[in-house]
Amino acid sequence: MRLAVAQPPAGLDTVSDRVAWLRDALPDLTAKGVDLVLLPELFLCGYNIGAALAQMAQPADGPGFDAMRKLAQASGIALHYGFAEADGGMLYNSALCIDPDGDVLTHQRKLAIPPGFEKDHFSPGAGCALFTYCGMQFATLICYDAEFPETARHVASLGAEVVLVPTALGAQWGWVAHTMIPCRAYENGVYLAYANSAGSQNGMDFLGASVIAAPDGTEAARAGSEPELILADLDPEKIRQAQARLPYLKDRLSLKLS
């Protein structure tokens, strides 16, 4: 299957601006045969908006969902995007994936809430759900979640072949995007796609550097620091080869740690 990672400008002010940016980008991706587009963390509202999160948050089936579903149906591409979710008086840092028929493939809430403004607003989610699309098994980890080796190992052990990571990585965290994330792909023998924003929003500088890391830890595609769309073809055979060459998932079960 052909995967695209979208690295939009961080400074888009409104949900309408963000949906319009994506709408303009999709025809080219449709022409290129893209099956799924991964968008960044909190794509619909923006990341660095502080207390405005409470006003920007929407239910999972709110107006933002309706707009994204229409884009998925019109483009023939599955859309995986981050948003601030309001549910029962709680706020969650969430992600949804909608297929070209308008059906929800997955709904994931961020598990680990990092220090900083997120702690003031978001509650943690629980559990990791896999979904099947184009014959491959996918899992979602949101930003900080993927920085724990346990989470990537968990979803890979469940059978995930592709780990989708919407993120909002600041410019000072280059090591995470360039070293840690490809390592997560390598140590589990899976594809790992990492979608960041580019530029600045309300004084926060984003790194960009979105990547599609292959099961051998190499970069199938890498973005720079500007708004960009990258894509790669995902080959299940490369997953099988990587996991046969380095059977970490199997051999870890034989470790005598105590």
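In the block above lies the structure referred to throughout.
This is a predicted model, so every value here is computed, not measured.

Engineer: Would you take a moment to explain the pattern of salt bridges for this structure?
Structural biologist: A side chain of one charge can pair with a side chain of the opposite charge if their charged atoms are brought near each other. Considering all chains together, one arrives at 10 salt bridges under this definition. The shortest N-O distance in the salt bridge between D66 and R69 comes to 3.2 Å. With a gap of 3 residues between them, D66 and R69 both fall in helix α3 (residues 63-75), about one helical turn apart. By relative accessible area, which is 30% here, R69 ends up partly exposed. E237 is paired through a salt bridge with R240; the nearest N and O atoms lie 3.0 Å apart. Of this pair, E237 and R240 both sit in helix α7 (residues 236-245), 3 residues apart, which is roughly one turn of that helix. Shared partners join several salt bridges into a network, and the residues in it are E41, K110 and E118.

Engineer: How do you make sense of the side chain of Q108 when you look at a structure like this?
Structural biologist: By the secondary structure assignment, Q108 is in strand β5 (residues 104-109). Judged by relative accessible area, Q108 falls into the buried class, the value being 3%. Polar side-chain contacts of Q108 include one of 3.5 Å to the backbone nitrogen of A129. Beyond its immediate chain neighbours, meaning those up to four positions away, Q108 contacts N93, S94, A95, G127, C128, A129, T140 and I142.

Engineer: Help me understand the packing of helix α1 (residues 15-31) against α3 in this model?
Structural biologist: The packing of two helices is summarised by the inter-axis angle and the distance between the axes. Contact pair α1 / α3: the axes reach a minimum separation of 10 Å and the direction vectors enclose 15°. The orientation of α1 relative to α3 falls into the category roughly parallel. In this structure, α1 meets α3 at a crossing whose hand is right-handed. Contact residues: α1 offers V19, L22, R23, L26 and T30, while α3 offers A67, M68, L71 and S75. A breakdown of the residues in the contact of α1 with α3 according to their chemical character gives 6 nonpolar, 2 polar and 1 charged.

Engineer: I keep staring at the sheet that holds strand β9 (residues 191-195) and nothing clicks. Help me out?
Structural biologist: Where strands meet in a sheet, backbone hydrogen bonds hold them as pairs that are either parallel or antiparallel. If you trace the 6 strands from one edge of the open sheet to the other, you get β6-β7-β8-β9-β12-β13, paired in mixed fashion. Two strands close off the open sheet at either side, each with one partner strand: β6 (130-133) and β13 (219-222). Strand-to-strand twist of the sheet, defined as the mean angle between neighbouring strand axes without regard to direction, takes the value 20°. In terms of strand pairing, strand β7 (residues 136-140) meets strand β8 (residues 162-166) through 3 bridges, oriented parallel. Paired with A139 across the bridge in β8 is V163.

Engineer: Can you walk me through the packing of helix α5 (residues 149-158) against helix α6 (residues 174-188) in this structure?
Structural biologist: Relative to each other, α5 and α6 sit at 40°, their axes nearing to 10 Å. With respect to α6, the element α5 is oriented oblique. Remark: the crossing between α5 and α6 carries right-handed chirality. Every residue of α6 that contacts α5 at P149, A152, R153 and A156 is listed here: R184, E187 and N188. When grouped by side-chain class, the residues that make up the contact of α5 with α6 number 3 nonpolar, 1 polar and 3 charged.

Parameters and conventions
Residues numbered from 1 in each chain as written. Predicted model: local features only at pLDDT ≥ 70, side-chain atom pairs only at ≥ 80, totals over all residues. Heavy atoms only, no water. Salt bridge = Lys/Arg side-chain N within 4 Å of Asp/Glu carboxyl O. Helix = DSSP H or I, 4+ residues; strand = E, 2+ residues; numbered from the N terminus. Buried < 20%, exposed > 50% of the residue type's maximum accessible area, 1.4 Å probe, protein only. Polar contact = N/O pair within 3.5 Å; in protein donor to acceptor, adjacent residues only side chain to side chain. Contact = heavy atoms within 4.5 Å. Axes fitted to C-alpha atoms, helices over the stretch in contact; angles between N-to-C directions. Parallel < 35°, antiparallel > 145°, perpendicular 65-115°, else oblique. Left-handed = near helix turned anticlockwise from the far one by under 90°. Nonpolar A, V, L, I, M, F, W, Y, C, P; charged D, E, K, R; others polar. Pairing = 2+ DSSP bridges.

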